[in-house]
Amino acid sequence: MSMNPRGWVLRNSTFFVITAGLLIVGAITWAIGDLLIERIVTVMFVDVILVLALQVFMGNSGILSFSVAGFMGIGAYGSVLFSMTPAAKAAALPDLYPFLTQVHLPFLAALVMGGLIAALVAAIVSYPLMRLSDAAGVITIFSLLVIINVVLVHWSTVTNGPRTLFGVDRFTYLGTSVVFCVLFTAVAWWFKESRTGLRLRASRDDAYAAASVGINIVAVRYAAFILSAFMAGFAGALWAHFITSFSPYAFYLSAMFVFLAMLVIGGPNGVSGAVVGAVLVTALREVLRSIENNVNMSKILPSGLVGFTEIVMAVLLIVILILRPGGIMGGRELRWPPKGHLRWPPKCHLRWPPWKRAPGGTDKGV
Amino acid sequence: MITLDFAINAISLGSTYALLALGMVIVYGILKLVNFAYGELLMIGGYSLFVLGLGPRLPWFVMAVLAVGVAVLTSYLTERVAFRPVRENSLTAMLITSFAVSTLLQNAALLIISPRARAVPLPDVFSESALVLGQSVPIRNLLAIGTSIVLLLLLVVLLRRTVLGIALRAASDNFRMTRMLGVPANLVISVAFAISGFLAGVVALFWVGRTASVTPTIGAAPLLVAFVATVIGGMRSLEGAVVGGYVYGIVFSLIGVLLPQALLEFREAFMFVIVILILLFRPEGLVRGAGAARKVG
């Protein structure tokens, strides 16, 4: 690796381009000063971290990972136990274990604890799971999500059970979320470009070839899974200190659907895809939701327009998977200078009818 | 503690689960697709019954047949519209598609009908009990057992004695080879989805029969059941799926009796721990199928 700083910047230009984009979005939001937009963008930055967490494991290993929502939940509850004041805990969680009732950490430390607890859980349970690929791998990781959810819903002592947990103080604001978003973009980018990341991507593209050159597939997957859990846990902690009251149902399949849609629509094989997907899908969801709300308020339809947003998202997701399985970014990264990496309009297998395959190869996506 | 009533209940649960698992594995065997939208087929069956109940008074049996037909049609359409175009892409693409289809159908039910539970018309026999060996047993449970046995026998005949069945079994053994031998892939896959939808539709009748109502999220529980039962059965063989369904039904009932109340809430978590353990240590399931899940390391 050369020590030429210009070369270093150019090699990592993806990170700088994304950072610039995120900071611009943050600055514009701050300049507008609208409370609602600020809330939406703050959640968006947290979502970007979650999608990056998903990308770190799923994008690099090729294994569909449902557990991100679960680790987000662990991070949320884990951090809140350390950041709530003893008085708030006594009110919200009267049966809490005595050794936890008096603990009170500063916010930042609590966020890190949330991430660490999620990473610890991942480290303990996931090693044997990393041997499984394909459908078996998906089902075990899905099972993990179900198990985490059952535990969160029923471990009333720590989580207040299926009921909403109140009494969390707010810590996450626009600035907080943008700072951590940039930080975790750096982490995801660094991981993808690291030796471990490269080995993991090699195992994704051809497990046998990767194993034959001495890559320990289980070990590299394990590393990515723990990192992914830490990021998801940390993001969950950020989210918990933004929303301040939540229940375990926020960390289940409907949340997972949104993260998956963001990653797949953006492009699962790159860091840029994760960020672009999260930003675009957030924008789209807000538009759809405002349509939904307007229709519901105006009472045009007798029963309202419940579920409209998810339906459009699901259709869009399927269409992307059919027409452009590599997502919007198609496996490429944003770069500076662009060097023709970004084409407009993006190359797309537009054909009709869509189920008739074009001859020849397709871009590798998910 | 193990009374006749309990045994019949467990076996009827197992019969329902066996059909569920079979419907899932018949698609999995060919496409390696774990169909997340499978539970929604049950939901569609349930809602069809609800909608038919609003219309002119039909005999219940006719409504049931129509509801199962709608489930078959839905299953076929999901294959045609969503799964076929992504079939050539990676397995992950297909899995995400099925997750999207599941979300789509669930929210369509929310949008078109209602988030609230809807009552489903049921015949009187579903709420009556019969005396078996001096004990009162819900007829519904006996019906579930009888229906499953008949359907399983019919499926055995279909799969063993007809050309289509042999093609289906060959495809789930080695899909590429089967295609090379001239079996039309699209037809086989469509039939597999249709059978899957049929089984889901039949199970839907008994599933909504327990609560007499249907909600948009009713598909979640049977999906998880089908997962567990399929894995117990080894994911590959159709016989395994049936065994897995019965084992799950019986084990789940036994856990309900044997586990202390405090742990009972975590019953589902236990079942999924079993799933993970089986996939890790005995991926071929209780019944050895043609091939086990691929492992690395």
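Everything numeric here is computed off the predicted structure, so don't read it as measured data.

Digging into the packing of aromatic side chains
In step 1: Scanning the entire structure with this criterion turns up 30 aromatic pairs over all chains.
In step 2: Measuring from ring centre to ring centre gives 5.0 Å for F66(A) and F36(B), while their planes differ by 45°; the resulting arrangement is tilted. Taken as a pair, F66(A) in the loop between α3 (35-61) and α4 (68-83) and F36(B) in the loop between α1 (4-31) and α2 (38-54) lie in two separate chains rather than in one. Comparing F66(A) with F36(B), the two get one shared label, buried.
In step 3: A cation sits over an aromatic face here: K32(B) above Y28(B), 5.6 Å from the ring centre.

Quick look at the confidence of the model for chain B
In step 1: The share of residues in chain B with pLDDT of 70 or more is 95%, and the mean pLDDT across the chain is 87.
In step 2: Note that pLDDT drops below 50 for residues 289-295 of chain B; the model gives that stretch 20 contacts with residues more than four away or on any other chain.

Considerations on the nonpolar core
Looking at soluble globular proteins, one finds that nonpolar side chains tend to be buried together.
In step 1: Judged by nonpolar contacts, the single largest core of 216 residues is most densely connected at F66(A), F71(A) and F246(A).
In step 2: For F246(A), the contacting residues outside a window of four places in its chain are A76(A), Y77(A), V80(A), R163(A), T164(A), L165(A), V168(A), W239(A), A240(A) and F251(A).

Observations concerning the environment of M44(A)
Residue and element names in this part refer to chain A.
In step 1: Structurally, the position occupied by M44 is in helix α3.
In step 2: Taking relative accessible area as the criterion, M44 reaches 5% and is therefore assigned buried.
In step 3: Leave out the neighbours within four places in its chain, and M44 touches V25, A278, V279 and T282.

Let's talk about the interface of chain A and chain B
In step 1: At the junction of the two partners, chain A supplies 53 residues and chain B supplies 46 residues.
In step 2: Regarding the contact of chain A and chain B, the summed buried area is about 4400 Å², with carbon and sulfur atoms giving 77% of it.
In step 3: On the surface where chain A and chain B come into contact, there are zero salt bridges.
In step 4: Where chain A meets chain B, there are three residue pairs in polar contact (both at pLDDT 80 or more).
In step 5: If you list the elements that add at least two residues to the side of chain A that touches chain B, you get α8 (134-154), α12 (207-212), α13 (217-243), α14 (253-266) and α16 (308-323) of chain A.
In step 6: The biggest single contributor to the side of chain A that touches chain B is α8(A), with 14 residues.
In step 7: Split into classes, the residues belonging to the side of chain A that touches chain B amount to 40 nonpolar, eight polar and five charged.

Quick word on the pairing of strand β2 (residues 129-132) of chain B
All names here are of chain B.
In step 1: Pairing of β2 with strand β3 (residues 135-138), which is carried by four bridges, proceeds in the antiparallel orientation. Within β3, the residue paired with V132 across the bridge is Q135.
In step 2: The antiparallel hairpin formed by β2 and β3 contains two residues in its connecting segment, where L133 sits at a positive phi of about 50°.

Section: helix α12 (residues 267-281) of chain B
In step 1: The end-to-end C-alpha separation of α12(B) is 21 Å, in line with the 21 Å expected for 15 residues at 1.5 Å each.
In step 2: Taken as a whole, α12(B) has its buried residues at A269(B), M271(B), F272(B), V275(B), I276(B), I278(B), L279(B) and L280(B).

Re the packing of helix α2 (residues 13-32) of chain A against helix α10 (residues 174-193) of chain A
Residue and element names in this part refer to chain A.
In step 1: Between α2 and α10, the shortest axis-to-axis distance is 10 Å and the interhelical angle comes to 170°. Accordingly, the angle class assigned to the pair α2 and α10 is roughly antiparallel. Packed against α2, whose contacting residues are T14, F15, I18, T19, L22, L23, G26, T29 and W30, the element α10 presents L174, V178, C181, V182, T185, A186 and W189 at the interface.
In step 2: Of the residues in the contact of α2 with α10, the class split is eleven nonpolar, five polar and no charged.

Regarding a nonpolar patch on the surface
In step 1: On the surface, a cluster of nonpolar side chains totalling about 350 Å² of accessible area is made up of I24(A), I28(A), I32(A) and I37(A).
In step 2: With respect to the secondary-structure elements, I24(A) resides in helix α2.

Points about the side chain of H241(A)
In step 1: Here H241(A) lies in helix α13.
In step 2: Ignoring any residue separated from it by four or fewer positions in sequence, one finds H241(A) in contact with S79(A), V80(A), S83(A), F107(A), L111(A), V168(A), D169(A), R170(A), F171(A) and T172(A).

A few points about α3(A)
Residue and element names in this part refer to chain A.
In step 1: Under the 1.5 Å per step criterion, the end-to-end length of α3 is 39 Å for 27 residues, consistent within 8% with the ideal 39 Å.
In step 2: Most of α3 sits out of view: 20 of its 27 residues are buried.
In step 3: Here α3 starts with a cap whose side-chain oxygen sits 3.0 Å from the backbone nitrogen of L36, and that cap is D34.
In step 4: Downstream of α3 by a residue or two, G62 has a phi angle that is positive, lying close to 80°.

Section: the pattern of salt bridges
In step 1: Tallied over the full model, the rule gives eight salt bridges over all chains.
In step 2: A salt bridge links R285(A) to E310(A), with the shortest nitrogen-to-oxygen separation between them at 3.4 Å. Highlighted residues: R285(A) in helix α15 (residues 271-298) and E310(A) in helix α16, separated in sequence by 25 residues. With respect to class, R285(A) is no different from E310(A); both count as buried.
In step 3: A salt bridge links R87(B) to E79(B); its shortest N-O distance comes to 3.8 Å.
In step 4: Residue classification places R87(B) among the buried positions, given a relative accessible area of 12%.
In step 5: E79(B) gets classed as buried once you look at its relative accessible area, which sits at 0%.
In step 6: Bridged by salt links that share partners, the residues E79(B), R84(B) and R87(B) form one connected network.

Description of unusual backbone geometry
Residue and element names in this part refer to chain A.
In step 1: The residue after W336, namely P337, is reached through a cis peptide bond having omega -5°.
In step 2: Inspection of the secondary structure assignment puts P337 in the segment after α16.
In step 3: Of note in this structure, N160 is not a glycine but carries a positive phi near 65°.
In step 4: Among the structural elements, N160 can be located in the loop between α9 (156-159) and α10.
In step 5: Among the residues examined, N160 registers a relative accessible area of 15% and is labelled buried.
In step 6: Positive phi values are uncommon outside glycine, yet T244 reaches one of about 65°.

Rules used throughout
- Residues numbered from 1 in each chain as written.
- Chains lettered and ligands numbered in written order.
- Predicted model: local features only at pLDDT ≥ 70, side-chain atom pairs only at ≥ 80, totals over all residues.
- Heavy atoms only, no water.
- Phe/Tyr/Trp six-rings, centres within 6.5 Å; stacked < 30°, edge-to-face > 60°.
- Helix = DSSP H or I, 4+ residues; strand = E, 2+ residues; numbered from the N terminus.
- Buried < 20%, exposed > 50% of the residue type's maximum accessible area, 1.4 Å probe, protein only.
- Lys NZ or Arg CZ within 6 Å of the ring centre and 35° of its normal.
- pLDDT = per-residue confidence, 0-100.
- Contact = heavy atoms within 4.5 Å.
- Core = buried A, V, L, I, M, F, W, Y, C linked by side-chain atoms within 4.5 Å.
- Buried area = accessible area lost by both parts, 1.4 Å probe.
- Salt bridge = Lys/Arg side-chain N within 4 Å of Asp/Glu carboxyl O.
- Polar contact = N/O pair within 3.5 Å; in protein donor to acceptor, adjacent residues only side chain to side chain.
- Nonpolar A, V, L, I, M, F, W, Y, C, P; charged D, E, K, R; others polar.
- Pairing = 2+ DSSP bridges.
- Expected span 1.5 Å × (residues − 1).
- Axes fitted to C-alpha atoms, helices over the stretch in contact; angles between N-to-C directions.
- Parallel < 35°, antiparallel > 145°, perpendicular 65-115°, else oblique.
- Patch = residues over 30% accessible without salt bridge, like charges linked within 9 Å, V, L, I, M, F, W, Y side chains within 5 Å.
- Areas by Shrake-Rupley, 256 points an atom, 1.4 Å probe, with all protein chains shown as cover.

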